[in-house]
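Examination of the molecular architecture
Residues per chain are reported as follows:
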Amino acid sequence: SGPFYAGLGGRFGHQACLKRARFVAVLALAHPDGKMETFRGETEGIILEAPRGEWGFGYDPLFLLPGTGRTYAEMTLEEKALHSHRGKAVRELLQVYATGASPGTQ
């Protein structure tokens, strides 16, 4: 509870449990030669009416990932990183550079 949850409740109203959400993270990598690459991660879920779980911060207790049946606040840090938009963007960047690809060859 607290002001964060009260603010969301007022923003979404009583139907908050029916609200879908998408969180997006984009990492930008700028090279000295002026080339820029972006790496995007998305996670879709549902905003709950009441918080669930003990972990995390911010929206974690209110963001339900339908495929898991749990909120971020109910997951371990490792599970959250697997599903999160930030984790997906970082993994995309790492996958490109894990092959030893130089900028501009992908």
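Summary of the structure given here. (Residues numbered from 1 in each chain as written. Predicted model: local features only at pLDDT ≥ 70, side-chain atom pairs only at ≥ 80, totals over all residues. Heavy atoms only, no water.)

1. Concerning a nonpolar patch on the surface
- On the surface, Leu-27, Val-90 and Leu-94 cluster together into a nonpolar patch covering about 230 Å² of accessible area.
- With respect to the element layout, Val-90 can be found in helix H3 (residues 85-98).
- Residue classification places Val-90 among the partly exposed residues on the basis of a relative accessible area of 37%. (Patch = residues over 30% accessible without salt bridge, like charges linked within 9 Å, V, L, I, M, F, W, Y side chains within 5 Å. Areas by Shrake-Rupley, 256 points an atom, 1.4 Å probe, with all protein chains shown as cover. Salt bridge = Lys/Arg side-chain N within 4 Å of Asp/Glu carboxyl O. Helix = DSSP H or I, 4+ residues; strand = E, 2+ residues; numbered from the N terminus. Buried < 20%, exposed > 50% of the residue type's maximum accessible area, 1.4 Å probe, protein only.)

2. Describing the pattern of salt bridges
- Within this structure, the stated rule accounts for seven salt bridges.
- The salt bridge partner of Arg-20 is Glu-44, with a shortest N-O separation of 3.4 Å. Separated by 24 residues along the polypeptide, Arg-20 in strand E1 (residues 19-30) and Glu-44 in strand E2 (residues 36-47) bring together distant segments of the chain.
- Overall, the relative accessible area of 65% leaves Arg-20 in the exposed class.
- Glu-44 gets classed as partly exposed once you look at its relative accessible area, which sits at 38%.
- Among the ionic pairs, Arg-22 bridges to Glu-42, the shortest N-O distance being 3.2 Å. Of this pair, Arg-22 sits in strand E1 while Glu-42 sits in strand E2, placing them 20 residues apart in sequence.
- Ionic contacts of the salt-bridge type, sharing partners, join the residues Arg-20, Arg-22, Arg-40, Glu-42 and Glu-44 into one network.

Any functional reading would require information that these geometric values do not contain.
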